[in-house]
Amino acid sequence: MRMPRLTRRTFFKTAAAGSVVAAAVGVLSGCTHSDEEVSSDPVVVGEDSAEDIISSFEEADLALIEEASWSLPLGNVLHPAAGAWVPVTTAGSSATPMVKGSALSLASGKLVEVVSAPVGENTTTVIYDVRCSDSVYAWVELDLSDRSWVLYAAAFSEGALSGKPSALWEGTSDYDPAPFAVADDMVIWQVQPSASGSRTTEHSYCYIWHSGDSEAKAVVDSPGRFATSPTLSGDAVVLTPRVRADEGVYYGVTAYSLSDDLTTRLDQLVMPQSVRPFRATRVGDRFLVSVEASYGSGGLLGQMGTYIGTADSGFYRLNREPSECGCGAGDRLIIKASAFYFVVDLAERTYAILSSADRSVDYGEFPARCGECDLFVTFSTVKDADTGYPASVGVRTFHL
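Predicted model only: the values in this text are computed from it and were never measured. (Residues numbered from 1 in each chain as written. Predicted model: local features only at pLDDT ≥ 70, side-chain atom pairs only at ≥ 80, totals over all residues. Heavy atoms only, no water.)

### A word on the overall build of the protein chain
Counting secondary structure elements, the protein chain contains one helix and 36 strands. Its C-alpha radius of gyration of 21 Å places the protein chain within 12% of the 21 Å reference for a compact globule of 400 residues. Looking at the protein chain alone, contacts between residues at least 24 apart form 50% of all its contacts between residues at least 6 apart. For the protein chain, the exposed area adds up to about 16600 Å²; of that, 46% sits on carbon and sulfur atoms. Across the protein chain, the mean location of the 29 positive side-chain charges is 5 Å away from that of the 51 negative side-chain charges. (Helix = DSSP H or I, 4+ residues; strand = E, 2+ residues; numbered from the N terminus. Rg over C-alpha atoms; globule rule 2.2 N^0.38 Å. Contact = heavy atoms within 4.5 Å. Areas by Shrake-Rupley, 256 points an atom, 1.4 Å probe, with all protein chains shown as cover. Lys, Arg positive; Asp, Glu negative; His and termini not counted. Charge placed at Lys NZ, Arg CZ, Asp CG, Glu CD.)

### Quick notes on the sheet that holds strand E27 (residues 305–310)
Across a sheet, strands are paired by hydrogen bonds formed along the backbone, either parallel or antiparallel in direction. Spatially, the five strands line up as an open sheet ordered E4-E28-E27-E26-E25, and their pairing is mixed. The sheet is open, and its two borders are formed by strand E4 (51–52) and strand E25 (279–283), each paired with just one other strand. The sheet contact formed by E25 and strand E26 (residues 286–291) spans five bridges and is antiparallel. Each bridged residue has a counterpart across the sheet, and for Ala280 the counterpart in E26 is Val289. (Pairing = 2+ DSSP bridges.)

### Side note on the confidence of the model for the protein chain
When pLDDT drops low, the exact placement of atoms in the prediction is not to be read closely. Looking at the protein chain as a whole, the pLDDT averages 90, with 94% of positions reaching at least 70. Across residues 1–21, where pLDDT falls below 50, the model places 63 contacts with residues more than four positions away in sequence or in other chains. (pLDDT = per-residue confidence, 0-100.)

### Quick word on the sheet that holds strand E30 (residues 332–336)
Read across the open sheet, the six strands follow the order E5-E32-E31-E30-E29-E34; overall the sheet is mixed. One side of each edge strand has no neighbouring strand; the edge strands of this open sheet are strand E5 (58–59) and strand E34 (371–372). Here strand E31 (residues 340–345) pairs with strand E32 (residues 350–355) via six bridges, running antiparallel. Directly across from Phe342, in E32, lies its bridge partner Ile353.

### What about the state of the cysteines?
Each disulfide consists of a covalent bond between the sulfur atoms of two cysteine residues. A complete count under the given rule lists one disulfide for this structure. Between Cys325 and Cys370 runs a disulfide, and the two sulfur atoms are separated by 2.5 Å. Within this pair, whereas Cys325 is found in the loop between strand E28 (314–318) and strand E29 (327–329), its partner Cys370 is found in the loop between strand E33 (365–367) and E34, the two being separated by 45 residues in sequence. Grouping residues by exposure puts Cys325 and Cys370 together as buried. Lacking any disulfide linkage, Cys132 is separated from the closest cysteine sulfur, that of Cys370, by 15 Å. (Disulfide = S-S within 2.5 Å. Buried < 20%, exposed > 50% of the residue type's maximum accessible area, 1.4 Å probe, protein only.)

### A closer look at the side chain of Ser257
Checked against the element boundaries, Ser257 lands in strand E23 (residues 250–257). If we skip the residues at most four places from it in the chain, Ser257 touches Asp235, Leu262, Thr263, Thr264 and Leu266.

### Let's talk about unusual backbone geometry
Even without being glycine, Asp184 reaches a positive phi, approximately 50 degrees. Its place among the elements puts Asp184 in the loop between strand E16 (180–183) and strand E17 (186–191). At Arg244, a position not held by glycine, the phi torsion is positive, near 50 degrees. Mapped onto the fold, Arg244 is located in the loop between strand E22 (242–243) and E23.

### Details of the environment of Ala329
Note that Ala329 resides in strand E29. Residues Ala329 and Glu372 lie 43 residues apart in sequence; the distance between their C-alpha atoms is 5.5 Å. Setting aside residues up to four positions removed in sequence, Ala329 forms contacts with Val283, Cys373, Asp374 and Leu400.

### Here's the deal with the environment of Ala352
Topologically, Ala352 is positioned in strand E32. Once you skip the residues sitting within four places of it in the chain, Ala352 turns out to touch Ala60, Asp61, Leu62, Tyr341, Phe342 and Val343.

### Concerning the pattern of salt bridges
Evaluation of the coordinates by the stated rule reveals 15 salt bridges. Two residues, Arg199 and Glu202, come together in a salt bridge whose shortest N-O distance is 3.7 Å. Here the salt bridges share partners, and the residues they tie into one network are Asp41, Arg244 and Glu247. (Salt bridge = Lys/Arg side-chain N within 4 Å of Asp/Glu carboxyl O.)

### Considering the nonpolar core
Formed by 23 residues in total, the largest nonpolar core has its most connected members in Trp149, Leu151, Leu168, Val187, Trp189 and Trp209. Looking at this core, the elements with two or more residues in it are strand E12 (136–143), strand E13 (149–157), strand E15 (166–171), E16, E17, strand E18 (204–210) and strand E19 (215–222). When residues in this core are grouped by element, the largest group, four residues, is from E12. (Core = buried A, V, L, I, M, F, W, Y, C linked by side-chain atoms within 4.5 Å.)

### Describing the pairing of E12
Of all the eight residues making up E12, eight are buried; the element is thus mostly covered by neighbouring parts of the structure. The two faces of E12 match: Val136, Ala138, Val140 and Leu142 on one face and Tyr137, Trp139, Glu141 and Asp143 on the other face are all buried. Following strand E11 (residues 125–132), the chain reverses through three residues before pairing antiparallel with E12. Of the pairings in the sheet, the one linking E12 to E13 comprises seven bridges and is antiparallel in character. Bridge assignment links Glu141 to a residue of E13, and that residue is Val150. If you look at the hairpin formed by E12 and E13, you'll find five residues sitting between the two strands, and Arg147 has a positive phi there, around 65 degrees.

Here's what the structure looks like:
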């Protein structure tokens, strides 16, 4: 396997802040899925072959039940998660640290501080991104001076780290900070060359690591950059590697099984040539794939919108400019529009509108769920009613 030329940690490092020790994790060679794997045929279907949700379905009253709502201090940003804890990046009260890693309990609404300062010793190092499950917390640290970065992870329990962090990967500015996701005791991340760096022709790779292991596994080899970040959905993870590289630029929206560390490929949707998916996930057996631009070719899947379905069963189309990743349970799906959410019921052939929170449209409302979920979580920056300035972050949860 052609491994990327990244700087690796091969030693133990003690952080300046406290007694945290970051242990380096090695990587087993050999990918489960290489670029030579046989891929599905590209899906090119006519523009009239999918049902348009807005024109074909009936608009109905919103049937979602709000479970809870909380107000958080300004400067908190929620990130997608599937469990009872939602990862949060929190603005620091001073320049050092600039950002902290936090977590929000969906049981109590309590926001707790998890990573109070970066492990990295440089004063220019910041916490860049965070993800968690109910048992693992992971974060990327970025050095603002040279754009180098490190991905860390640690065991997580009841809102606090319960083990010492492990350094899973370290990269230079020639590689993007790793897009990653956390499921149960697993961290899944992608290493890919930066579009503006000196390694643009190198392959990209996806890795998986289990909490407590000393080695990670290389599982997917993409002959080019992945189109989207990894997304979790039930017992699957969805990746979008380049496929059929000897024939042109094709992206394969692919669902892999989490139960066997991505060894089993559950389903694949190969997009038309040169059509790059914008967001991709899966709910049940259906893919949710969005395309943010209209291409001059590629049939239906080359047009802007969000597509729900599979290559075998056909598609539904939401003909609106896509935004964030969709989510849902069974036949009920939630897809973000510019100022609200579409709540689509495929079985009842209806759609409803979930409006943004009051005084939040200017700054947007965003989901903290992606893929399969029973509890929908959304957050927004809310303006003060008197001054019109941002005042807090509102969080709402809804049962699907």
